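If you want the building blocks of each chain, they are given just below.
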Amino acid sequence: MTISIDIMWIDIIKRKEIIEILEIISTSHALAKELLSKPDGFITAMLGDEEFIISNTQKVITHANIDDSETHWTLNLRDGGSGNLKR
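Description of the structure in this document. All values derive from a computational prediction rather than experimental measurement.

## Structural notes on the overall build of the chain
Scanning the chain for helices and strands turns up 2 helices and 3 strands. If you list the helices and strands of the chain from N to C, you get α-α-β-β-β. Relative to its full complement of 87 residues, the chain shows a buried share of 5%. If you take every contact in the chain between residues at least 6 apart in sequence, the share linking residues at least 24 apart comes to 28%. A total of about 8000 Å² of accessible surface is found on the chain, and carbon and sulfur atoms cover 59% of it.

Listed below in structure tokens is the structure:
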């Protein structure tokens, strides 16, 4: 009984990890939809405990193809400083 319950929890955890991977914001429209669903306000980006300011956007080469003809958008970040953000 304990083994089957443990296997069940492992399956649930694996499914949750897969769902979290699939729920990333990977397109400009998905990002716009997410942001437009929130009240207007200042926005930053976080990685771990570090906070960054979004300085601009840029189109970059994907490097996924031999001819490098594919591009995607990237958000260029800069350090937000410690404590109060420098805006």
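## Some words on the sheet that holds strand β1 (residues 44-47)
Strand order in this open sheet of 3 strands is β1-β2-β3, and the pairing throughout is antiparallel. This sheet does not close on itself; its edge strands, each paired only once, are β1 and β3 (71-79). Adjacent strand axes in the sheet meet at a mean angle of 55° when their direction is disregarded. Across 4 bridges, the pairing between β1 and strand β2 (residues 50-61) is antiparallel. Its bridge partner being in β2, Met-46 is matched across the sheet by Glu-51.

## As for the layout of surface pockets
Of the volumes computed, that of the largest pocket is approximately 470 Å³. Of all the elements in the fold, those that place two or more residues in the lining of the largest pocket are α2 (28-36), β1, β2 and β3. Ranked by residues supplied to the lining of the largest pocket, first place goes to β3 with 4 residues. Residues of the lining of the largest pocket, tallied by class, amount to 8 nonpolar, 7 polar and no charged.

## Structural notes on the environment of Leu-77
Relative to the helices and strands, Leu-77 resides in strand β3. Looking at Leu-77, the relative accessible area reads 41%, which means it is partly exposed. Each C-alpha atom, one on Leu-77 and one on Phe-52, is 5.9 Å from the other, the two residues being 25 residues apart in sequence. Filtering out sequence-adjacent residues up to four positions away, Leu-77 remains in contact with Ala-45, Phe-52, Ile-53, Ile-54 and Ser-55.

Here is what the cut-offs are and how they apply
- Residues numbered from 1 in each chain as written.
- Predicted model: local features only at pLDDT ≥ 70, side-chain atom pairs only at ≥ 80, totals over all residues.
- Heavy atoms only, no water.
- Helix = DSSP H or I, 4+ residues; strand = E, 2+ residues; numbered from the N terminus.
- Buried < 20%, exposed > 50% of the residue type's maximum accessible area, 1.4 Å probe, protein only.
- Contact = heavy atoms within 4.5 Å.
- Areas by Shrake-Rupley, 256 points an atom, 1.4 Å probe, with all protein chains shown as cover.
- Pairing = 2+ DSSP bridges.
- Axes fitted to C-alpha atoms, helices over the stretch in contact; angles between N-to-C directions.
- 1 Å grid on protein atoms, 1.4 Å probe; cavity = no way out; pocket = protein on both sides within 12 Å on 5 of 7 lines; lining within 4 Å.
- Points joined across faces, edges and corners; volume = space filled by probe spheres on them.
- Nonpolar A, V, L, I, M, F, W, Y, C, P; charged D, E, K, R; others polar.

Purely geometric stuff here, so don't read any function into it on its own.
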